[in-house]
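# Breakdown of the fold
Here's the letter readout for the chains.
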Amino acid sequence: MTTAQTQELDVQPTPLALLLLGREADPRSERGVECPGDLPSPSDPNLVERARAAKEKLGSKVFVLGHHYQRDEVIQFADVTGDSFKLARDAAARPEAEYIVFCGVHFMAESADILTSDDQKVVLPDLAAGCSMADMATAEQVAECWDVLTEAGVAEQVVPVSYMNSSADIKAFTGKHGGTICTSSNAKKALDWAFEQGEKVLFLPDQHLGRNTAVRDLGMSLDDCVLYNPHKPNGGLTAEQLRNAKMILWRGHCSVHGRFSVESVEDVRARIPGVNVLVHPECKHEVVSAADYVGSTEYIIKALEAAPAGSKWAIGTELNLVRRLANRFAPEGKEVVFLDKTVCFCSTMNRIDLPHLVWTLESLAEGNLVNRIEVDSETEQFAKLALERMLALP
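Residues numbered from 1 in each chain as written. Predicted model: local features only at pLDDT ≥ 70, side-chain atom pairs only at ≥ 80, totals over all residues. Heavy atoms only, no water.

Spatially, E2-E1-E3-E4-E14 is the arrangement adopted by the five strands of the open sheet, whose pairing is mixed. In this open sheet, the two strands that pair with only one neighbour each are strand E2 (80-82) and strand E14 (372-373). Sheet analysis places strand E1 (residues 62-67) next to E2, joined by three bridges and oriented parallel. The partner of Gly 66 across the bridge, within E2, is Thr 81. (Pairing = 2+ DSSP bridges. Helix = DSSP H or I, 4+ residues; strand = E, 2+ residues; numbered from the N terminus.)

Encoded structure:
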């Protein structure tokens, strides 16, 4: 591809050479890619028994958290399941657990470390389990964005609101600048609060959740939103555009939810008459507009729990969860299908597999602390401030 073609497609070459998975790390990225130690073979028929034995040996010293998007083989060993923030709070509520094994991705483990005590050690079974969305906003890029807002004369009017799916550095930036964190469940409350503090919001890093919440829940128009692209000078925006905007959306997205399209919705409606289309708010605005229901992971689960027998549902979220829900509700006569025909797992979530979990639990049982996630004290201080503002939301 030529340079001209690259610019036309708005594709940015990576500033770093590709890293060898398992051998190197990128200190400027939200995720690590190193994983010391030898893993058991995935073909080992004793993996389940080994995991069970190691967990039993650790007893109350270990607390295993499993995100909804994890594989079934991993979820079976989770003490609790949930979305990222629920799991971080669950970890903080178990002060007797010396080890918190977080079966999720890197930013989730960071949040757990921020909210748990200094005596607790948060472990991520595979340090390569990052988040492409969180990686789309680095501390350096966001600091540069704030400079752009300052030069445009609007920074004093802007309150940052960062999605839970962000690195500890971004959460700390948010805390320092008077902002709050949100989840897909409480984004409206967070934005209501933010607009009581200032005239504009810088929403990081998922443009779709920010846009959908502003337009669907707060009654704004699409014209009230502008898209800040960190790969373009001044974010690709003029000072006038920044002055006129109410929502300054960061150009980030979820690689899974971004795959769903209006065509997916139209196709499933044609294939399954009477189907209810339920999607996550990280989906594109046009997909959300075409759906029947929109909500967080927890909302999706509760909606299916309350659905009548015989109802049909097409779900636009990560495939591990959809498949688990389909199996769970099939005996109740509820038909649950994946919204798209294309199989779409979260690739980084799927890095946490049974060999990594067995290696982690056996290492801890032998007294070897591996893959600890530890946020430095200054970052933790300001990130916790932003999280506490979210906890104080009505």
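Time to look at the nonpolar core. One finds Val 101, Phe 203, Met 247, Val 279 and Leu 361 to be the most contacted residues of the largest nonpolar core, which totals 106 residues. Counting 21 residues, the second largest nonpolar core, distinct from the first, contains Val 226, Tyr 228, Ile 248 and Trp 250. (Core = buried A, V, L, I, M, F, W, Y, C linked by side-chain atoms within 4.5 Å. Buried < 20%, exposed > 50% of the residue type's maximum accessible area, 1.4 Å probe, protein only.)

What follows deals with unusual backbone geometry. Residues Leu 204 and Pro 205 are joined by a peptide bond in cis, for which omega reads -20°. Take Pro 205: it is sitting in the loop between strand E7 (200-204) and helix H10 (207-217). The backbone phi angle of Asn 234 is positive, close to 55°, even though this residue is not glycine. Tracing the backbone through its elements, the reader meets Asn 234 in the loop between strand E8 (225-228) and helix H11 (239-244). The class for Asn 234 is partly exposed, based on a relative accessible area of 40%.

For the rest of this paragraph, the subject is the sheet that holds strand E13 (residues 335-338). Neighbouring strands of a sheet are bound in pairs by backbone hydrogen bonds; such pairs are parallel or else antiparallel. The four strands lie next to each other as E11-E10-E12-E13, forming an open sheet whose pairing is parallel. Each end of this open sheet is capped by a strand with a single partner; those strands are strand E11 (293-294) and E13. As paired elements, strand E10 (residues 276-279) and E11 share two bridges and run parallel to each other. Counterpart to Leu 278 in the pairing with E11 is Tyr 293. Against the sheet, helix H15 (residues 319-329) contacts strand E12 (312-316) and E13, and its axis sits at roughly 165° relative to E13. (Contact = heavy atoms within 4.5 Å. Axes fitted to C-alpha atoms, helices over the stretch in contact; angles between N-to-C directions.)

Next up on the list: H10. The element H10 is extensively covered by neighbouring structure, given that nine of its 11 residues are classed as buried. Restricting attention to buried positions, one finds in H10 the residues Gln 207, His 208, Leu 209, Gly 210, Arg 211, Asn 212, Thr 213, Ala 214 and Val 215. Gly 219 occupies a position one or two residues after H10 and carries a positive phi of about 75°.

Another aspect to go through is the pairing of strand E3 (residues 99-103). With five of its five residues buried, E3 lies for the most part within the structure. Residues of E3 alternate between two faces, with Tyr 99, Val 101 and Cys 103 on one and Ile 100 and Phe 102 on the opposite face, all of them buried. Alignment of E1 against E3, held across five bridges, turns out to be parallel. Counted as the bridge partner of Val 64 is Val 101 from E3. Sheet topology places E3 next to strand E4 (residues 121-123); three bridges connect them, and they run parallel. Bridging across to E4, Tyr 99 finds its partner in Lys 121.

According to the stated counting rule, one finds 17 salt bridges in the structure shown. Here Lys 188 and Asp 192 are joined by a salt bridge, their closest N and O atoms 2.8 Å apart. Note that Lys 188 and Asp 192 are positioned in helix H9 (residues 187-197) at a spacing of four residues, about one turn of the helix. When its relative accessible area of 38% is taken as the criterion, Lys 188 is described as partly exposed. Measuring nitrogen to oxygen at the nearest pair gives 2.7 Å for the salt bridge that ties Glu 305 to Arg 328. Taken as a pair, Glu 305 in helix H14 (residues 297-306) and Arg 328 in helix H15 lie far apart in primary sequence, 23 residues in all. Through salt bridges with shared partners, a single network forms among Asp 44, Arg 50 and Glu 362. (Salt bridge = Lys/Arg side-chain N within 4 Å of Asp/Glu carboxyl O.)

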